[in-house]
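# Reading the structure
Spelled out, the chains give:
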Amino acid sequence: MKKSVILVGVGGQGAILTAKILVNGLIRKGYDVKMSEVHGMSQRGGSVSTQVHFGDKVYAPVIGLGEADIMVAFEKMEAVRYAEFLKPDGIAVINDYAMESATTAAGLAEYPEGCVEAMQGAFTCHVLDAADIAMKLGNPKCMNVVLFGAMTKVLGLEDIDWEAVIRETVPAKFVELNLRAYEAGRAAIC
Amino acid sequence: MKVLLSGNEAIARGAYEAGVRLGAAYPGTPSTEIFEQLPQYKDALYCEWAPNEKVATEVAYGASIAGLRSITAMKHVGLNVAADPMFTAAYNGVNGGFVIVTADDPSMHSSQNEQDNRYYARAAKIALVEPSDSQECKDFLREAYKISEQFDMPVLFRTTTRVSHSKSLVELGERTEVEPKPYKRDLFKNNCAPANAYRKHPKVEQMLAALAEYGNTCPLNKVEMGDGEVGVITASIAYQYAKEVFPEGTSFLKLGLTFPLPMDLIRDFASKVKTLYVIEELEGFMEQQIKAAGIDCIGKEKVSPLYELNPQRLRQMLFGTEPETKELPVKAVSRPPALCPGCPHRGFFYVMSKRRDYVIAGDIGCYTLGAVPPLGAMDTCVCMGAGFSVGAGMAKAFELMGENKKVFGVVGDSTFFHSGMTGAAEILYNKARIIPVVLDNHITGMTGHQDNPGSGYNLLGEVAAAIPIEKVLASFGFENILIVDPQDLTAMQKAVDDALASQVPAAIICRRPCLLIKRMKHEKALCAVDTAKCIGCRKCLSVGCPALNFKNKKSAIDPTLCVGCTVCAQVCPVGAIARKED
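### Focus: the overall build of chain B
Each helix and strand counted, chain B has 18 helices and 22 strands in total. For chain B, the C-alpha radius of gyration of 27 Å lies close to 25 Å, the compact-globule estimate for 582 residues. For chain B, the spread of C-alpha atoms along the three principal axes comes to 80 × 65 × 55 Å. Here chain B, with 582 residues, has 58% of them falling under the buried criterion. A sequence separation of at least 24 residues applies to 75% of the contacts in chain B between residues at least 6 apart. When the accessible surface of chain B is split by element, carbon and sulfur atoms take 54% of a total near 23,100 Å². When the 63 positive and 65 negative side-chain charges of chain B are each reduced to one mean point, those points stand 4 Å apart.

Below is the structure:
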C-alpha cells in the first residue's frame, strides 16, 4: 500500500505545518513516510505545494501528473492549478476561499470563475469554507487545521490519535484553538 | 530511535556525528537549513555565516589545514563563487577532513540556472559523494570525511533540492570525537606556488586513481541483484524514482561515490544484465563516462536532461506511459511570488517604475521581485554582486555609444558584503556613470532571514560587529551618500533626483528593516479604502501589493494581509486610502 497526498495553496497559508501534523501521525502508526516541500522564492505569496507519501515502503519523495490520491487545496484556484496531479479517481478537499494573485490584484488577469464547480465536475470533492469556520472559532490563522480535520476524515485514518499528535506538534498556546479547529473541520465533512 | 529529518537537517546531524569542529557557509536555497541547524550543536562545534561562499570555503579549508574536520555548504551557484579555493585545495590536499556541500536545484525552484555541479568534482579532480535520502545524508557524510583524510583531498558532497528538502526517517547515531591532526608548517603541501603545484599534479592523479580503485569496494556503492534481465545504474534522488518505476526483478547498482566512477564494479554489473540503463537527473554525467569506457547503456536518449525527474516523468520517458489526468474547463492564472505587504523594497521600485527610460541592473534576493509586474522595474538579473558591475559595464557601453542613459545598480545589504563591494570599487576606480543603490533591509531575506555582516548578529545569535554600509562606501570615495527611508515616497524620489544631479560620486542607501525579522518590534497598522472617495483609477494597484485588489470598480484592501505601510495611500491621487487610526 502506498498513498500520496498533495497539499496546495499560497505561500504563508500554513500548508507545511498541516503536512507536519499529518506526517507525525503517520509515523506513530508505523508507516514509512516521505514529505517534500519547497522553500525560498515561491514562499513570497507564490503558489506552493507540499507532498506527503506514506505506505509500507516509500521511495520517491515527489510524484508527477495523475499520481495523487488526495488533494487538500487551501485556495480554490490552486486546486485547479494542481488538478492534473490528482488521479482520475482522486479525492479533493477544497477550501472555498479565493486569494488574489499579484497578477489579478494588479488587474493584469481575471481571477477565474467556477473553480470549485470545475473540480466537482471532475473529481470526488469535499468543499468547505474553512476561512469562515476559522473566523467563527476566533482566529483566521487556524484555517489550515480546519482543513486538516476535514482531510483526516476523508483519508480514513481513524485509528490515529490526531488530538495527541496536534498537542505535540503545534505551539502550546495554540493547542486548544487547533483542537477546536480540527473538530470543526471533521464536522464539516458529511 | 528514528526521527523525521530533511536532508539538510540530516547533513547538520551528520557533521555533528562525524566529529566536525568548524563550519562556515553563506546561505542559499536549497542549502540554507544545513547551517541553520548547526547552532544546536554549538557545544561540540563552531559555525558561522561568512560574507560569501568563497570566504566560507577558505575559512573551512583553513580549519582543515590547521587540523580540524570542517564543512562548508552552499547552493550550486555558490560553488561558482567558491570554485577558486576548491580547485587548489585539490592540489594541496587536507589535514583534517574537509567536505564541501553543494545543493543543486533541478527545475530552478529558487535559482537562476540548472547547472549540474557533479562536473565540478571531475574538473577539480576530487571525490564526489551523493546521498539519495536523509539517512544517507547523515551516514554518507561520515564516510566522506574518511575519504577526505584517506585520499588527502576535499570531498564534494552533492544534494539536490529534493534530497535537501524532502523529509524521511533517520536513525540517529552518536558523535565520534576526532582528535585534531597536529599542525606543522609545510611549505610544500600548503603552498601552491607554481613550482610546488607542478610537482603536486602527479599526486592528484595518483590519488584519483587510488580512489577509483577504492570505489569498487567502497560501502557507498552497492549492488541489488535481481533476475539479470534489466539493470539500472543510478545515484542520488534518481535512485528513489527508478525504484518506483522499474518492475520487480530489476537489478540496481546504486552509487554513492559517483566520481571517480568504479569502472570494474560497473563493468561487472553490466556483464550480468541483458539491458543496462543509466538513470540520472540533469546531465548524462555517469552515462558519458560509462559509454566512453565502451559499455553499452540507455540513458539520455530517453531521459531528458531538463528539469527534475519524478516517477511519472521517468515512466513516460522510458516506457511511453502517458499520465492519466483530467482536463478542467477552467484554467488557473499565474500566481508569481511578490514583494510582501509592507516590504521596504516596494517604495524604491515604485519610484523607479515611473521612469521606464532608467536602466536598472538588479541582483539576487527578494528585491529580484522588483522585476515582477506591475512594478517591472529591473533590466537585468545575473548573479550575486552583478547589480553594480553588470550595471557598470552597461553604463560604460552606453557612454561609448554616446547614449545618455541613467543607470542604477541595485544590490541588497547581504549582497553588498557578498560581492557588491568589489563592484562599488569598480564604479569609482573606472568612473562608471552609474548610481549604486543598496537596499538595506538588515537581513538576508529570500533565503529565510539569516544574519550578515551588516545586521549586528552572527549565526549563533550573538551580538556581532554591524559594519555600516555608508562608511564602507564613504571610505571608498563616494562623497554624496543619500540614506533614505524607501517607504517615504517623496523622500525616495528626492534621493533619486539628488543622486542624478550630484556633481560628486553619489550612492543611495534605502534603509528600512524587513518586517519579517523576528527579533525586531514592528509597528503594524491597517490601511483601508474609503469607497466614497475612491475614483477607481487603479493607481494604487501599480505598487504591486498582495493586500490590494479591485472589486466593484473600487480598490479594496485585504485586512488579513495589510500591515499599514501606506505606500498605496501615498500614491492615491484623491486621498481615498488612509491608515485606520490616523
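### Section: the interface of chain B and chain A
Contact residues are listed per partner, giving 54 residues for chain B and 61 residues for chain A. A buried area of about 4,700 Å², summed over both sides, lies between chain B and chain A, and 63% of it is on carbon and sulfur atoms. For the interface between chain B and chain A, the tally reads four salt bridges. Here A:E78 and B:R335 are joined by a salt bridge, their closest N and O atoms 2.5 Å apart. At the junction of chain B and chain A, the tally comes to 18 residue pairs in polar contact (both at pLDDT 80 or more). Those elements that place two or more of their residues in the side of chain B that touches chain A are α7 (161-165), β8 (166-171), α9 (236-245), α12 (311-319) and β20 (548-551) of chain B. With six residues, α9(B) is the single largest residue contributor to the side of chain B that touches chain A. Considering only residue class, the side of chain B that touches chain A consists of 25 nonpolar, 16 polar and 13 charged. Across two bridges, the pairing between strand β2 (residues 32-36) of chain A and β8(B) is antiparallel. Within β8(B), the position partnered with A:M35 by the bridge is B:K167.

### A few points about the domain arrangement of chain B
Splitting chain B by domain gives domain 1 (2-215), domain 2 (222-319), domain 3 (345-511) and domain 4 (525-581). Taking only C-alpha atoms, the centre of domain 1 of chain B and the centre of domain 4 of chain B are 50 Å apart.

### Brief notes about empty space enclosed by the protein
Residue and element names in this part refer to chain B. This model, assessed by the stated rule, comprises eight cavities of 30 Å³ or more. C545, A547, C562, C565 and C568 are the residues nearest the centre of the largest cavity, which is lined by 14 residues in total. Among the residues making up the lining of the largest cavity, the classes are represented as ten nonpolar, three polar and one charged.

### Some remarks on the pattern of salt bridges
If the charged atoms of two oppositely charged side chains come close together, the side chains can form a pair. Residue and element names in this part refer to chain B. Taken as a whole and judged by the stated rule, the model has 45 salt bridges over all chains. In this structure, the salt-bridge partner of E143 is K146, at a minimum N-O distance of 3.2 Å. Of the two residues, E143 and K146 both sit in helix α6 (residues 134-150), three residues apart, roughly one turn of that helix. On the basis of relative accessibility, which here comes to 43%, the residue K146 falls in the partly exposed class. We note a salt bridge from R433 to E399, for which the minimum N-O separation is 3.6 Å. With a gap of 34 residues between them, R433 in the loop between α15 (413-429) and β16 (434-440) and E399 in helix α14 (residues 386-400) connect regions that are remote in the sequence. Accessibility expressed as a relative area gives 31% for E399, which makes it partly exposed.

### As for the sheet that holds strand β5 (residues 98-104) of chain B
All names here are of chain B. With respect to topology, seven strands assemble into an open sheet ordered β3-β2-β4-β5-β7-β6-β12, the strand pairing being mixed. At either end of the open sheet lies a strand with only one pairing partner, and these are β3 (46-49) and β12 (257-259). For this sheet, the mean angle separating the axes of adjacent strands, direction not counted, is 25 degrees. Alignment of β5 against strand β7 (residues 155-160), held across six bridges, turns out to be parallel. Following the sheet pairing, V101 is matched in β7 by F157.

### Points about the environment of B:L5
Residue and element names in this part refer to chain B. Structurally, the position occupied by L5 is in strand β1 (residues 2-6). For L5, a relative accessible area of 14% gives the class buried. Separated by 129 residues in the primary sequence, L5 and S134 place their C-alpha atoms 6.4 Å from one another. With residues near it in sequence (within four places) discarded, L5 still touches A10, S134, S166, K167, S168, V170 and L172.

### Considerations on the nonpolar core
Counting 97 residues, the largest nonpolar core has B:F35, B:I71, B:I147, B:I279 and B:I290 as its most contacted members. Within the second largest apolar cluster, 71 residues are counted, among which are B:V372, B:V411, B:C527 and B:C545.

### Quick look at unusual backbone geometry
Residues and elements named next belong to chain B. Along the chain, T29 connects to P30 via a cis peptide bond; the corresponding omega equals 10 degrees. Positionally, P30 belongs in the loop between β2 (22-25) and α2 (33-37). Despite not being glycine, R538 shows a phi value in the positive range, around 65 degrees. Judged by relative accessible area, which is 38%, R538 ranks as partly exposed. With a phi close to 75 degrees, T566 is a non-glycine residue in the positive phi region. Overall, T566 belongs to the buried group, its relative accessible area being 18%.

### A few points about the pairing of strand β5 (residues 86-95) of chain A
All names here are of chain A. Across five bridges, the pairing between strand β4 (residues 68-73) and β5 is parallel. Paired with M71 across the strands is A92, a residue of β5. Regarding the hand of the β-α-β motif, the stretch spanning β4, helix α2 (residues 76-81) and β5 is right-handed. Pairing of β5 with strand β6 (residues 124-128) involves five bridges; the strand directions are parallel. Bridging across to β6, A92 finds its partner in C125.

### With respect to the sheet that holds β6(A)
Ordered in space as β6(A)-β5(A)-β4(A)-β1(A)-β3(A)-β2(A)-β8(B)-β1(B), the eight strands form an open sheet in which the pairing is mixed. The open sheet has two edge strands, β6 of chain A together with β1 of chain B, and neither has a second partner. Put simply, the sheet's adjacent strands are angled 20 degrees from each other on average, direction ignored. Across the sheet, helix α1 (residues 15-28) of chain A touches β1 (2-10), β2 and β3 (47-55) of chain A together with β1 and β8 of chain B, and the angle it forms with β3(A) is around 5 degrees.

Criteria and cut-off values
Residues numbered from 1 in each chain as written. Chains lettered and ligands numbered in written order. Predicted model: local features only at pLDDT ≥ 70, side-chain atom pairs only at ≥ 80, totals over all residues. Heavy atoms only, no water. Helix = DSSP H or I, 4+ residues; strand = E, 2+ residues; numbered from the N terminus. Rg over C-alpha atoms; globule rule 2.2 N^0.38 Å. Buried < 20%, exposed > 50% of the residue type's maximum accessible area, 1.4 Å probe, protein only. Contact = heavy atoms within 4.5 Å. Areas by Shrake-Rupley, 256 points an atom, 1.4 Å probe, with all protein chains shown as cover. Lys, Arg positive; Asp, Glu negative; His and termini not counted. Charge placed at Lys NZ, Arg CZ, Asp CG, Glu CD. Buried area = accessible area lost by both parts, 1.4 Å probe. Salt bridge = Lys/Arg side-chain N within 4 Å of Asp/Glu carboxyl O. Polar contact = N/O pair within 3.5 Å; in protein donor to acceptor, adjacent residues only side chain to side chain. Nonpolar A, V, L, I, M, F, W, Y, C, P; charged D, E, K, R; others polar. Pairing = 2+ DSSP bridges. Domains from an automatic or database assignment. 1 Å grid on protein atoms, 1.4 Å probe; cavity = no way out; pocket = protein on both sides within 12 Å on 5 of 7 lines; lining within 4 Å. Points joined across faces, edges and corners; volume = space filled by probe spheres on them. Axes fitted to C-alpha atoms, helices over the stretch in contact; angles between N-to-C directions. Core = buried A, V, L, I, M, F, W, Y, C linked by side-chain atoms within 4.5 Å. Right-handed = clockwise from strand over helix to strand, strands pointing away.

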